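For reference, the chains in residue letters:
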Amino acid sequence: MIDGAIPYLWCPVCREPLSRRERALRCPRRHSFDMARQGYVDLSAGRLPHIGDTAEMVADRAAFLSAGHYRFIAEALAAHRAEGLVVDAGTGTGDYLAHFLEGSPDATGLGLDVSKPALRRAAKAHPRAAAVLTDLWRPLPVADATAAVILNVFAPRNGPEYQRVLRPDGLLLVVTPAADHLTELITAYGLIQVDPEKAARVSGSLGEHFTLDATATHRRELRLTAGETRTLVGMTPSARHVPMEGLPGHDVTVTAAVEVAVYRPR
């Protein structure tokens, strides 16, 4: 719920603390931000350049994650523990944040995303999680040095802002696709290919602000029905250009492989 996260938030206009006034958050300078009836609050403070994942993509992601196919990713993240604020930058449906909070009973979650359909789900993902609409490429509406952990799963990486928001002893946990992630579908059906230089680019984009502490590859073979394959493709950027009718009409085995990197702020 939003109340637990309010002490960590600040006004995106003037950076003053926020407090709750019925169905809105307000700062001492009287900037006011309404809460959506679905439970999230809009702290974008202006027109957004993009709207993020569509309702259809979010529904597919929710279905695929609820089936447990990517639970191994959630478990890899939840192997870390935290007390205090856990920020999920690019939270989507909030599943990874919710799983993390289950293993950290003294933590408060804050999911950030630009997609309203995603935030409608994230706001209900866990009793100790709040959901906020914001653009990750802009200054985040989070106070300095307040986060114990930032989760970043298949999402944009704003190095300067993540460093500012993290406590000096905090961790940034970054999940990116490994080279062979979904390789069977990429090869056979023309899905967007993983950049072979992805790991180097991620490290380079964060290197000025973070030190890489550890990295590990997590890999699973997924046996998917035809419907689950369509759901998987539907939740990715490939949904925008891969014809669904061209996907297999039978069960397939797919490699799911990700890199989980642990960074510490410089």
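Residues numbered from 1 in each chain as written. Predicted model: local features only at pLDDT ≥ 70, side-chain atom pairs only at ≥ 80, totals over all residues. Heavy atoms only, no water.

Asks: Can you walk me through the UniProt feature "binding site: Zn(2+)" (unreviewed entry) in the protein chain in this structure?
Replies: Mapped onto this structure's residue numbering, the UniProt feature "binding site: Zn(2+)" (unreviewed entry) falls at Cys11, Cys14, Cys27 and His31. Taken along the chain, the residues just named run across 21 residues; in space they keep tight, none of their C-alpha pairs more than 8.5 Å apart. Turning to its location among the elements, cysteine 14 is positioned in the loop between helix H1 (2–5) and strand E1 (19–21). Here cysteine 14 falls in the buried class, since its relative accessible area comes to 19%. For cysteine 14, the residues in contact, after removing those within four places along its chain, are Cys27, Arg29 and His31. Mapping histidine 31 onto the fold places it in the loop between strand E2 (24–26) and strand E3 (32–34). Its relative accessible area of 26% is what places histidine 31 among the partly exposed residues. When neighbours within four sequence positions are excluded, histidine 31 is seen to be in contact with Cys11, Val13, Cys14, Leu25 and Arg26. (UniProt positions renumbered as here; feature names shortened; annotations may be inferred. Helix = DSSP H or I, 4+ residues; strand = E, 2+ residues; numbered from the N terminus. Buried < 20%, exposed > 50% of the residue type's maximum accessible area, 1.4 Å probe, protein only. Contact = heavy atoms within 4.5 Å.)

Asks: How should I be thinking about the layout of surface pockets in this particular structure?
Replies: Which parts of space are left empty comes out when a probe the size of a water molecule is rolled across the atoms. One number sums up the size of the largest pocket: a volume of about 1000 Å³. A per-class count over the lining of the largest pocket returns 20 nonpolar, 11 polar and 10 charged. Its volume calculated, the second largest pocket comes out at about 200 Å³. Lining the second largest pocket, in full, are Leu65, Ser66, Ala67, Gly68, Tyr70, Arg71, Ala74, Asp95, Tyr96, Ala98 and His99. Sorting elements by how many residues they give to the lining of the second largest pocket places helix H4 (residues 95–103) first, with 4 residues. Across the lining of the second largest pocket, the residue classes break down as 6 nonpolar, 3 polar and 2 charged. (1 Å grid on protein atoms, 1.4 Å probe; cavity = no way out; pocket = protein on both sides within 12 Å on 5 of 7 lines; lining within 4 Å. Points joined across faces, edges and corners; volume = space filled by probe spheres on them. Nonpolar A, V, L, I, M, F, W, Y, C, P; charged D, E, K, R; others polar.)

Asks: What is the right way to look at the state of the cysteines in this model?
Replies: By definition, a disulfide is the covalent link that joins the sulfur atoms of two cysteine residues. Summed over all chains, the structure comprises 0 disulfides. The thiol of cysteine 14 is unpaired, and the distance to the nearest cysteine sulfur, on cysteine 27, comes to 3.7 Å. (Disulfide = S-S within 2.5 Å.)

Asks: In this structure, what is going on with the sheet that holds strand E10 (residues 210–224)? I would like to understand it.
Replies: Strand order in the open sheet made by the 8 strands is E4-E7-E6-E5-E8-E9-E11-E10, with mixed pairing throughout. The strands lining the two open edges of the sheet, one partner per strand, are strand E4 (41–42) and E10. Strands strand E5 (84–89), strand E6 (107–113), strand E7 (129–133), strand E8 (147–153) and strand E9 (166–177) of the sheet are contacted by H4, whose axis makes an angle of about 170 degrees with E6. (Pairing = 2+ DSSP bridges. Axes fitted to C-alpha atoms, helices over the stretch in contact; angles between N-to-C directions.)

Asks: Looking at this model, I keep getting lost on unusual backbone geometry. Mind explaining?
Replies: Most of the time, phi is negative for any residue but glycine, and the peptide bond is trans. One non-glycine residue with positive phi stands out, namely alanine 145, at about 50 degrees. Note that alanine 145 resides in the loop between E7 and E8. The backbone of phenylalanine 154 shows a phi angle near 50 degrees, a positive value even though the residue is not glycine. By secondary structure assignment, the location of phenylalanine 154 is in the loop between E8 and helix H6 (159–165). Under the relative-accessibility criterion, phenylalanine 154 is labelled partly exposed at 38%.

Asks: How should I be thinking about a positive patch on the surface in this particular structure?
Replies: A cluster of basic residues, Arg37, Lys116, Arg120 and Lys124, forms a positive patch on the protein surface. You can call arginine 120 partly exposed: its relative accessible area is 35%. (Patch = residues over 30% accessible without salt bridge, like charges linked within 9 Å, V, L, I, M, F, W, Y side chains within 5 Å. Areas by Shrake-Rupley, 256 points an atom, 1.4 Å probe, with all protein chains shown as cover. Salt bridge = Lys/Arg side-chain N within 4 Å of Asp/Glu carboxyl O. Lys, Arg positive; Asp, Glu negative; His and termini not counted. Charge placed at Lys NZ, Arg CZ, Asp CG, Glu CD.)

Asks: I keep staring at the pattern of salt bridges and nothing clicks. Help me out?
Replies: Side-chain pairs of opposite charge can arise where the charged atoms are in close proximity. Within the structure shown, the criterion is met by 10 salt bridges. Between arginine 20 and aspartate 3 there is a salt bridge; the shortest N-O distance is 2.8 Å. In this pair, arginine 20 sits in strand E1 while aspartate 3 sits in helix H1, placing the two residues 17 residues apart along the sequence. What makes aspartate 3 partly exposed here is its relative accessible area of 46%. Here arginine 29 ties to glutamate 16 by a salt bridge, and the two come within 3.7 Å at their closest N and O atoms. On the criterion of sequence distance, the pair formed by arginine 29 in the loop between E2 and E3 and glutamate 16 in the loop between H1 and E1 is long-range, its members being 13 residues apart. Exposure remark for arginine 29: the relative accessible area of 53% places this residue in the exposed category. Overall, the relative accessible area of 25% leaves glutamate 16 in the partly exposed class.

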